[in-house]
Amino acid sequence: MSSRLPGRRRRERPESDTDGSARDGLPGSPGPADGEPDETPPDLDAGDAGTAGNDGELSELEIVEAARRERLASRTIRQRIAAGGGLGSRVAVAVPGVVGLVALVVVGGPIFAVAVAVIAALALSEFYNLTAAWRPLRWAGFLAVLLAVAMTAALGSPERGVLLGLLSGIGLVAVGGLILGRREDVTGRMAVTAFGLLYVGGPFAMLVATRALPDGAGAVANVFVGTWVFDTASFVGGKLWGRRRIAPRVSPGKTLEGLLVGVLVGTLAVAFAGLYMEWIDWWQSLIVGFVVCMAGFVGDLFESMLKRDVGAKDSGRLLRGHGGILDRFDALMFATVAAYAATVFLVH
């Protein structure tokens, strides 16, 4: 049989997400974040993907799939994890960041709030770069996000600070639209600006509110531990056992096996951390850990959808080969909001 099967069409592979969902076609770049490299058989003509022909031979799709499974089975565990790279460099970038963030969490107070405001501004800048075609009112968005974080930190009730800050931000966006000299597409411009405020400003303001809880340092630690352990465990689990793609149109590298491994290990990590926290019971830590992992997964997919919609591989280049701030904090942003709600409901 010829090595080139008839009827095969070359399929363009999707551009990657910084979370490592698929970096196909780029030599030496990391593969899927929680799954095997995208080795899906190319699309076949309708007549090629059928059952075995009259001569009893296997169909082309079955031949290609059998070859793919044989290649995967022949890999060692180390080769599977290293396929596409990414894990070692992820750790090299993450460790200094983790140390710095832990120090900020321990210090808390105005220093923590200022650091969160800076990160939020950088993330918002990347979001507005992604949505530049809609011409967001950048100055209004930046002021609104900074106002939301500042009011959360300054007011005696952080929850009221988040609410008042976001509402005041919406007012700033409205003023920005009113003072425009040219009103073309003003509704769309205000809409994308306000969405950036809610998508970026809301979660980071909630992070400050979480730190302001009676046991805020531990509550924030749960978010960090759950998010980062989930991300690493899903990456490794998908590399080793990933088979079933969970969101092929949004992030082709995400697999069901990677998700299950990430949720299990991430939840247990938060529960283990909870053993050293007197303010929360072990079963409450389990629930918080599960909520953090699932919310982080949704946040990861959501940012992947945004990038795929605008045709971007990364949200920015601030972290060099690891994309931008938004790429690194996408899961944590959703996890923070969910963890705050779960912690207040279960403990406070």
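Numbers given for residues are sequential positions, taken from 1 along each chain in its written order. pLDDT decides what is reported in this predicted model: residues at 70 or higher carry local features, side-chain atom pairs at 80 or more are listed and counted, and totals for whole chains, interfaces and linings draw on all residues regardless. For side-chain calculations, the full set of non-hydrogen atoms in the structure is used, while hydrogens and water are omitted.

Caption draft 1: Layout of the overall build of the protein chain. Along the backbone of the protein chain there are 11 helices and zero strands. In this description a helix means any DSSP run of H or I spanning at least four residues, a strand means any run of E spanning at least two, and both kinds are numbered starting from the N terminus. Seen in sequence order, the protein chain has helices and strands lined up from the N terminus as α-α-α-α-α-α-α-α-α-α-α. Burial here depends on accessible area, computed with a 1.4 Å probe over protein chains only, as a share of the maximum for the residue type. Under 20% is buried, over 50% is exposed, and the range in between is partly exposed. Expressed as a percentage of its 348 residues, the buried residues of the protein chain come to 48%. Note on contacts: a residue pair is in contact if any heavy atoms of the two residues lie within 4.5 Å. Sequence-distant contacts, at least 24 apart, represent 72% of the contacts inside the protein chain between residues at least 6 apart. The Shrake-Rupley method, run with a 1.4 Å probe, gives the accessible areas here. Residue values count only the displayed protein chains as cover. When the accessible surface of the protein chain is summed, it comes to about 17,000 Å², and 65% of that surface belongs to carbon and sulfur atoms.

Caption draft 2: Local environment of the pattern of salt bridges. Any carboxyl oxygen of Asp or Glu within 4 Å of a side-chain nitrogen of Lys or Arg constitutes a salt bridge here. Summed over the entire model, instances satisfying the criterion amount to six salt bridges. Taking the shortest distance from any N to any O, the salt bridge between Asp185 and Arg135 comes out at 3.7 Å. Of the two residues, Asp185 is situated in the loop between helix H6 (158-178) and helix H7 (186-211) and Arg135 in the loop between helix H4 (109-130) and helix H5 (138-154); the sequence distance between them amounts to 50 residues. Take Asp185: its relative accessible area is 57%, and that puts it in the exposed class. Connected through shared salt-bridge partners, Glu303, Lys307 and Asp327 make up one network.

Caption draft 3: Expanded view of empty space enclosed by the protein. Note on definitions: the grid is 1 Å and covers protein atoms alone; a cavity is a set of points where a 1.4 Å probe fits but cannot get out; a pocket is an open set with protein on both sides within 12 Å along at least five of seven lines; lining residues have an atom within 4 Å of a point. Grid points are joined across faces, edges and corners, and a volume is the space filled by probe spheres set on the points. Applying the stated rule across the entire model yields two cavities of 30 Å³ or more. What the largest cavity holds in volume is close to 60 Å³. Taken together, Leu101, Leu104, Phe112, Ala115, Val116, Ile119, Phe204, Leu207, Phe224, Phe329 and Leu332 make up the full set of residues lining the largest cavity. Those elements that provide at least two residues to the lining of the largest cavity are helix H3 (87-107), H4, H7 and helix H11 (325-346).

Caption draft 4: The arrangement of the environment of Ala209 in detail. The topology assignment puts Ala209 in helix H7. Counting along the chain gives 51 residues from Ala209 to Pro158, while the straight-line C-alpha distance between them is 5.1 Å. Leaving out residues up to four positions away in the same chain, Ala209 has contacts with Thr152, Pro158, Val162 and Tyr340.

Caption draft 5: Here's a closer look at the packing of aromatic side chains. Paired rings are identified among Phe, Tyr and Trp, the last through its six-membered ring, by centres lying within 6.5 Å, and are further divided according to the angle between planes into stacked (under 30 degrees), edge-to-face (over 60) and tilted (the rest). As enumerated under the stated definition, the model contains 13 aromatic pairs in all. Seen from their ring centres, Phe127 and Tyr128 are 5.7 Å apart, and the 50° between their planes marks the pair as tilted. Neither residue differs from the other here; Phe127 and Tyr128 are each classed as buried. Centre to centre, the rings of Phe204 and Phe329 are 6.1 Å apart; their planes meet at 55°, and the pair counts as tilted. Note that Phe204 is positioned in helix H7 and Phe329 in helix H11, a separation of 125 residues in sequence. Take Phe204 and Phe329: they sit in the same class, and that class is buried. Each residue in the set Phe127, Tyr128, Phe142, Phe195, Tyr199, Phe302 and Phe334 is aromatic and connected to the rest through ring pairs, giving one cluster.

Caption draft 6: Layout of the nonpolar core. By size, the foremost hydrophobic cluster in this structure holds 51 residues, and its most contacted members are Phe127, Val200, Phe204 and Phe329. For this core, the elements supplying multiple residues, two or more each, are H3, H4, H5, H6, H7, helix H8 (216-241), helix H10 (282-310) and H11. Ignoring any residue separated from it by four or fewer positions in sequence, one finds Phe127 in contact with Val192, Phe195, Gly196, Tyr199, Val200, Leu306 and Leu326. For our purposes a nonpolar core is just a set of buried Ala, Val, Leu, Ile, Met, Phe, Trp, Tyr and Cys residues, chained together by side-chain atoms within 4.5 Å. In this structure, Phe230, Ala247, Phe297 and Leu301 belong to the second largest nonpolar core, which totals seven residues.

Caption draft 7: Looking closely at unusual backbone geometry. Despite not being glycine, Arg135 shows a phi value in the positive range, around 50°. Phi angles above zero are rare outside glycine, and Asp185 is one such case at about 60°.

Caption draft 8: Inspection of the environment of Trp228 at higher detail. For Trp228, the position within the fold is in helix H8. Taking the C-alpha atoms as reference points, Trp228 and Ala331, 103 residues apart in sequence, are found 9.0 Å from one another.

Caption draft 9: View of the packing of H8 against H10. Axes here mean lines fitted to C-alpha atoms, for a helix over just the part in contact, with angles spanning 0 to 180 degrees between N-to-C directions. Look at H8 against H10: their axes get within 9 Å of each other, and the N-to-C directions meet at 55°. Comparing the axis directions of H8 and H10 gives the class oblique. Where H8 crosses over H10, the two elements pack in a sense that is right-handed. For the pair H8 and H10, the contacting residues are Asn222, Val223, Gly226, Thr227 and Phe230 in the first and Val288, Val292, Cys293 and Phe297 in the second. Any residue that is not Ala, Val, Leu, Ile, Met, Phe, Trp, Tyr, Cys, Pro, Asp, Glu, Lys or Arg is counted as polar, Gly included; the first ten are nonpolar and the last four charged. Across the contact of H8 with H10, the residue classes tally to six nonpolar, three polar and no charged. Each angle is binned into one of four classes, with values under 35 degrees roughly parallel, values over 145 roughly antiparallel, values of 65 to 115 roughly perpendicular, and all other values oblique. Note: crossing handedness is left-handed where the near helix turns anticlockwise from the far helix by less than a right angle, and right-handed where it turns clockwise.

Caption draft 10: Focus on the packing of H7 against H8. Remark: H7 packs on H8, axes separated minimally by 7 Å, with the N-to-C direction vectors making an angle of 135°. By the angle class used here, H7 and H8 are oblique. Mapping the contact onto sequence places Leu207, Thr210 and Arg211 in H7 and Gly216, Ala217, Ala219 and Val220 in H8. The residue inventory of the contact of H7 with H8, partitioned by class, reads four nonpolar, two polar and one charged.

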